Amino acid sequence: MSTVQWTENGTIRTARWHSGNGTPPPGRIVVVDDRLTAAAALRFARAGTGMLWRGDFPNARQLVRAMDRRIPEGSGSFAEARSARAERATLLGKVLVFVEADHSLQLRRVPDIRATCDHAFGGIASTLISLRELLGALSAYQWHQKGIHINALSSRLYPAYSVFAPTRSEYVDLVAQEPLPGKGSPVVFDLGTGTGTGVLAALLARRGAAEVVATDLNPRAVHCARDNLRRLGLSDRVQVLETDLWPADRRADLVVCNPPWLPGNPASALELGIYDASSSMLHRFIDGLPDHLTPHGEGWLILSDLAEHLGLRTRAELLARISAAGLKVAGRRETTPRHRRATDSADPLHAPRSRERTMLWRLTRSRA
C-alpha cells in the first residue's frame, strides 16, 4: 500500500493511500473546507491535485454533486461515453477524506462509518480515501443491511460491497420461466454465481435441482453467495466453489452462465459483472460447454444484445462461435430490460439501450 504526504497547519503529515480500483495517489494534496466552490474544485482536479476535505460532511457530498453537474456528458460512440465516464470518475475522485485510527471521520455532521469500513475494506485506519469511493461503500452497506427482494425467490438477497447486485430482475425471470431440461431433478452448474450474489443457484435449487455447483473466481463474491444461500436454507443443496469457471471433472444436465455482457475494460471490481475486455468468459463458456454436459444436457446462456447495438459484437459472430464449438441453438427466450437507463432519454447511449433485449439461449450439442 502506498503512502501520501501533505502539509496541514504547517506540519507535514503522512497516511496510507487506499483505492479499490488501483488509482494512484495524487501528486499534490491541498486542504480544503466549505469555502471551496465546485468551479475551483474542478480546477484543482484537472490539475491532478487532491483535495483533503476538512469541512462539513453533507457539504462535501454537495460539492461532489455540484462538480458532477459541471462535467460534460459523453456523446456519440460507446468508446466516447466510456472515456467520458472514466474522466468523470477521475475528477470526482480527487475529493479526499482522512479515516482516523479508530475508523472514524473527524468531520462535522458525519455518520458513523466504522461498520461500513469493516464490511467494505476490512477496516482501514490512518488512511486517505476518495470521498466518492467511501460514499459508494456507504450506499452498498445499506443495500447489504436491508437486502434486495427477489420476486422469483419470494425472498431477499444481501449483496456485499463490490459484488454485482441482481437489480436487473429480467434475467432472473428468464431463468425462472424456462422449463428445466429432461425429466426428474437435474444436476446444475451455475458459472460466475457471484455476478448475482448466488441468485440463479438459489433459484434453480428452489426449482428442484438435485444438486447445484456454483463457481466464482472472486473470493468476496464466493463468500457473499455462500452467505445468501445459508440465509435461504440452501447450503446443503448448493456448493459454492472458488474456482475459475468450470468445476473439475464434472458434467451437468444444465449449465447456466450469465457472463459480462459488454466487451470493455472494467474500471472497478463491480464492473467485472458488466465488462470483459476480450469476452473471455463468454468464449470459455461456449467452447467448454460440450465437454461439461451430460449426453442430453443443455447450456443456458443469459446475454444482453446491447453489444450488438453498440457495434461491439455481431449476432453472426456469436452464432459462429456457438457452431464452431459443436453446439446448436435449441431455443431462445427474450425479454425487454426494465432498468432505469432503458427509458432515460438523457442517457448518451439511449438509442441503443432502447433496442436492447435480454436473452436466454438454450444450447445443446450438435450431435447429442
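Residues numbered from 1 in each chain as written. Predicted model: local features only at pLDDT ≥ 70, side-chain atom pairs only at ≥ 80, totals over all residues. Heavy atoms only, no water.

As recorded by an unreviewed UniProt entry, the chain carries the name Class I SAM-dependent methyltransferase and is attributed to Amycolatopsis echigonensis.

1. Let's talk about the sheet that holds strand β4 (residues 49–53)
Read across the sheet, 6 strands follow the order β1-β2-β6-β5-β4-β3 without closing on themselves; strand pairing throughout is mixed. The strands lining the two open edges of the sheet, one partner per strand, are β1 (3–8) and β3 (28–32). Neighbour-to-neighbour, the strand axes of the sheet open up by a mean angle of 40°, direction not taken into account. On the sheet, helix α2 (residues 57–70) packs against β4 and β5 (95–99) and is oriented at approximately 150° with respect to β4. Lying over the sheet, helix α5 (residues 131–146) contacts β2 (11–18), β5 and β6 (127–130), oriented at roughly 80° with respect to β6. (Pairing = 2+ DSSP bridges. Helix = DSSP H or I, 4+ residues; strand = E, 2+ residues; numbered from the N terminus. Axes fitted to C-alpha atoms, helices over the stretch in contact; angles between N-to-C directions. Contact = heavy atoms within 4.5 Å.)

2. Concerning the sheet that holds strand β9 (residues 187–191)
Strand pairing in a sheet relies on backbone hydrogen bonds. The paired strands run either parallel or antiparallel. Ordered in space as β11-β10-β9-β12-β13-β15-β14, the 7 strands form an open sheet in which the pairing is mixed. Here the strands that pair on one side only, and so sit at the sheet edges, are β11 (238–242) and β14 (327–335). Ignoring strand direction, the axes of neighbouring strands in this sheet form an average angle of 20°. As paired elements, β9 and strand β10 (residues 211–216) share 5 bridges and run parallel to each other. Within the sheet, the bridge partner assigned to F189 lies in β10 and is V213. Packing of helix α7 (residues 199–206) onto the sheet brings it into contact with β9, β10, β11, β12 (252–257) and β13 (293–304), and relative to β10 it is tilted by some 175°.

3. Comments concerning the packing of aromatic side chains
Enumeration over the complete set of coordinates arrives at 4 aromatic pairs. Geometrically, the ring pair formed by F121 and Y161 is edge-to-face, given 5.6 Å between the ring centres and 75° between the ring planes. Remark: Y161 occurs in the loop between β8 (155–157) and α6 (170–177) and F121 occurs in helix α4 (residues 114–121); sequence separation between them is 40 residues. Grouping residues by exposure puts F121 and Y161 together as buried. The residue whose ring lies beneath R231 is Y158, and the NZ or CZ to ring-centre distance is 4.0 Å. Here the basic side chain of R332 rests over the ring of W361, its NZ or CZ set 5.2 Å away from the ring centre. (Phe/Tyr/Trp six-rings, centres within 6.5 Å; stacked < 30°, edge-to-face > 60°. Buried < 20%, exposed > 50% of the residue type's maximum accessible area, 1.4 Å probe, protein only. Lys NZ or Arg CZ within 6 Å of the ring centre and 35° of its normal.)

4. Quick look at the environment of P263
Of note, P263 is situated in the loop between β12 and α9 (280–288). The contacts of P263, once residues within four sequence positions are left out, are F78, Y275, D276, A277, S279, A307, L312 and R313.

5. Looking at the nonpolar core
Counting 36 residues, the largest nonpolar core has M51, L63, M67, V97, L105 and F121 as the members making the most contacts within it. At the level of secondary structure, the elements contributing two or more residues to this core comprise β3, α1 (38–46), β4, α2, α3 (78–92), β5, α4 and α5. Those residues in contact with M51, other than ones at most four positions away along the chain, are V30, V32, L36, A41, F44, A45, K94, V95 and L96. A202, L229, L232 and L234 belong to the second-largest nonpolar core, a separate cluster that totals 32 residues. (Core = buried A, V, L, I, M, F, W, Y, C linked by side-chain atoms within 4.5 Å.)

6. Thoughts on the pattern of salt bridges
For the coordinates displayed, the defined rule picks out 19 salt bridges. Two residues, R13 and E8, come together in a salt bridge whose shortest N-O distance is 3.5 Å. For R13, a relative accessible area of 28% corresponds to the partly exposed category. Residue classification places E8 among the buried positions, given a relative accessible area of 12%. Across the salt bridge formed by D244 and R284, the nearest N and O atoms sit 3.2 Å from each other. Of this pair, D244 sits in the loop between β11 and β12 while R284 sits in helix α9, and the two are 40 residues apart along the sequence. Classification of D244 by relative accessible area gives partly exposed; the value is 40%. (Salt bridge = Lys/Arg side-chain N within 4 Å of Asp/Glu carboxyl O.)

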